[in-house]
Each structure stands twice: as structure tokens, then as C-alpha cells.
Amino acid sequence: MDWIKGGTPTHFTSKGKVDRRAELQDKVSTVTIDGVESKLERLSMNCTHSASAYALFEETSTGRKWVAVLLCRNTPDSDGEFEYAILPESINPPYYKCSAPILKKATPLSPGENPGAEEWRKRCWREIEIEKEDLPAYDALPEGAKVLWTVATDDWAFLPKGTRLMLVKAKGPKGWIWKDASTGTVYDKRSIPKSDYEVI
């Protein structure tokens with residue numbers, strides 16, 4: 001995997017943190033992979049400071065739509081610069097939280113056409129089905145329910161894998177959410193797998 005230098009960030013949230021979603025939208029609006037140019041059609045990210053995102057691209061010459069995982073971080077030497085990596089679905093990257101709307105818009109694959117992408121899409125659909133199974137248990141929890149969340153992936157830029165947080169189920173502007181009891185940070189209910197938290 002090759003990291004691409006993105007330069008000094010120019011987009012920030014109201015709290016002064018780098019808006020990684022906006023940075024990626026600028027940086028990957030047009031990409032060239034294996035000599036083929038593609039335009040960004042859609043980008044999905046859990047939150048503005050997440051370390052990963054999913055993108056739908058369209059090849060300018062053929063109209064074929066394909067998906068990629070995008071990783072982003074501040075440079076290791078902490079000089080404030082932003083860098084990112086593009087992992088096309090064809091290499092079957094080990095990130096499987098792509099949303100259904102993006103997967104549905106991707107150009108269908110013929111059997112055997114692209115084994116890596118075929119396997120990756122199957123794994124993503126499997127994750128979506130698991131989430132559907134988990135949601136009834138989440139919905140059954142009453143408002144104010146508390147859970148102990150152990151971060152199980154490196155997807156969260158400011159939450160290293162293994163971090164433990166107390167979350168409270170609360171009402172948000174668009175439905176139920178998880179809220180960090182100590183900082184007030186809000187997390188979408190779908191972004192935290194049921195297997196990663198314990199009801200207290």
C-alpha cells in the first residue's frame with residue numbers, strides 16, 4: 001500500500017480538527033489507477049475524523065463504476081500534513097464496512113471477471129446482513145442504557161484499537177445515537193458493532 005502526500009490540510013471542523021471527509025473529497029475527485037482515469041461519484045465516511053472511507057468511482061472512458069477503500073492519516077512525523085491511500089476493491093482490501101447504497105451503484109461483475117472485487121463485495125454484503133441482525137438488539141435498549149465499548153479496529157483516527165469508552169444511548173436529531181458519557185462525542189448506532197460493546 002502506497003501513501004500519497006496530500007499536503008497541509010485546508011478543511012477543518014467547527015472544533016478545529018481536520019475534516020478528513022472534505023480533504024478526501026478534494027484529493028480524490030479525479031484519480032488515475034493503472035492508467036485509467038476515474039471521477040469520484042460518492043464518498044461515505046462514519047465521521048469527519050475517521051481513518052477510513054469508502055468511495056464509488058466512475059471511469060471517464062467507459063462509465064464503469066467501481067469501489068475503493070480510502071485510508072487517511074496525519075504524516076507519521078506529525079508535521080501536520082495529510083496523506084491518504086487508495087485501495088481498489090480488486091485487491092480485496094481488509095475493510096468490509098461499505099454501505100449498501102455504494103455497493104448497489106457499482107457496475108455488476110461477471111463471474112470470474114475480477115475475483116478480488118467479487119470476494120470483497122460478498123464480504124461487505126455479509127457485514128451488512130450482520131448489522132441488520134444486530135439492530136433489533138440495539139433498538140430494544142432503553143434510552144439512557146449504558147455500554148462499555150472496546151474499539152476493535154483502527155478505523156477511528158483518535159481512538160486507538162483497544163480503547164474503552166462508556167457510551168449512553170440517547171436521542172439525536174435524526175434518531176437514536178451513542179453518546180460518549182465523558183466527552184459528549186456522538187457516534188452513529190451503525191458504526192459500532194454489537195459484538196464490540198457490553199451492556200452495563
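Note that the coordinates shown come from a computational prediction; the quantities given were computed from them, not determined experimentally.

### Quick word on the side chain of K169
Among the structural elements, K169 can be located in strand β8 (residues 164–172). Here K169 is buried and forms no salt bridge, its nearest opposite-charge partner D139 lying at an N-O distance of 5.1 Å. For K169, the side chain forms a polar contact with the main-chain oxygen of D139, separated by 3.4 Å. Apart from the residues lying within four places of it in its own chain, the contact partners of K169 are Y138, D139, L141, P142, E143, G144, A145, W176, I177 and W178.

### Considering the side chain of D196
Within the element layout of this structure, D196 appears in the loop between β10 (186–188) and β11 (197–199). An unpaired buried charge is present at D196: no salt bridge exists, and K97, the closest side chain of opposite charge, is 6.8 Å distant. Not counting residues within four places of it along the chain, the set of residues in contact with D196 comprises L148, W149, T150 and A152.

### As for the sheet that holds strand β7 (residues 146–150)
With antiparallel pairing, 5 strands are arranged side by side in an open sheet as β10-β9-β8-β7-β11. If you trace the sheet from one side to the other, it starts and ends with β10 and β11, each paired once. When the angles between neighbouring strand axes are averaged without regard to direction, this sheet yields 35°. Alignment of strand β9 (residues 175–180) against β10, held across 3 bridges, turns out to be antiparallel. Its bridge partner being in β10, K179 is matched across the sheet by V186.

### Thoughts on unusual backbone geometry
Backbone geometry at D34 places phi at a positive 50°, although glycine is not the residue there. Inspection of the secondary structure puts D34 in the loop between β2 (30–33) and β3 (36–44). Located in the positive-phi region is N92, a residue other than glycine, with phi close to 50°. Following the sequence through the fold, N92 ends up in the loop between β6 (82–88) and α2 (100–105).

### Some details on the sheet that holds β3
Within a beta sheet, neighbouring strands are joined by backbone hydrogen bonds and run either parallel or antiparallel to one another. Ordered in space as β1-β6-β5-β4-β3-β2, the 6 strands form an open sheet in which the pairing is antiparallel. Both edges of this open sheet fall to β1 (4–5) and β2, since each of them pairs with a single strand only. Sheet analysis places strand β5 (residues 65–74) next to β6, joined by 7 bridges and oriented antiparallel. The residue bridging V69 from the neighbouring strand is L87, located in β6. Each of β2, β3, β4 (52–59), β5 and β6 touches helix α1 (residues 20–27); the most contacted strand, β6, lies at about 65° to it.

### Remarks on helix α3 (residues 115–140)
For α3, with 26 residues, the first-to-last C-alpha span of 39 Å sits near the 38 Å given by 1.5 Å per residue. The largest bend in α3 comes to about 30°, at D134, with the proline P136 one to four residues further on. Taken together, the buried positions of α3 are occupied by G116, A117, W120, R121, C124, I128, L135 and Y138. If you follow the buried residues of α3, they end up packed against β4, β5, α2, β8, β9 and β11.

### A word on the packing of aromatic side chains
Inspection of the entire model under this criterion finds 5 aromatic pairs. Arranged with centres 6.4 Å apart and planes meeting at 35°, the rings of Y54 and W120 form a pair that is tilted. Note that Y54 is positioned in strand β4 and W120 in helix α3, a separation of 66 residues in sequence. Each member of the pair Y54 and W120 is classed as buried. Judged by centre distance (5.3 Å) and plane angle (70°), the ring pair of W149 and Y187 falls under edge-to-face. Highlighted residues: W149 in strand β7 and Y187 in strand β10, separated in sequence by 38 residues.

The rules behind the values
- Residues numbered from 1 in each chain as written.
- Predicted model: local features only at pLDDT ≥ 70, side-chain atom pairs only at ≥ 80, totals over all residues.
- Heavy atoms only, no water.
- Helix = DSSP H or I, 4+ residues; strand = E, 2+ residues; numbered from the N terminus.
- Buried < 20%, exposed > 50% of the residue type's maximum accessible area, 1.4 Å probe, protein only.
- Lys, Arg positive; Asp, Glu negative; His and termini not counted.
- Salt bridge = Lys/Arg side-chain N within 4 Å of Asp/Glu carboxyl O.
- Polar contact = N/O pair within 3.5 Å; in protein donor to acceptor, adjacent residues only side chain to side chain.
- Contact = heavy atoms within 4.5 Å.
- Pairing = 2+ DSSP bridges.
- Axes fitted to C-alpha atoms, helices over the stretch in contact; angles between N-to-C directions.
- Expected span 1.5 Å × (residues − 1).
- Bend = angle between axes of the 7 residues up to and from the residue.
- Phe/Tyr/Trp six-rings, centres within 6.5 Å; stacked < 30°, edge-to-face > 60°.

By themselves these figures say nothing about function.
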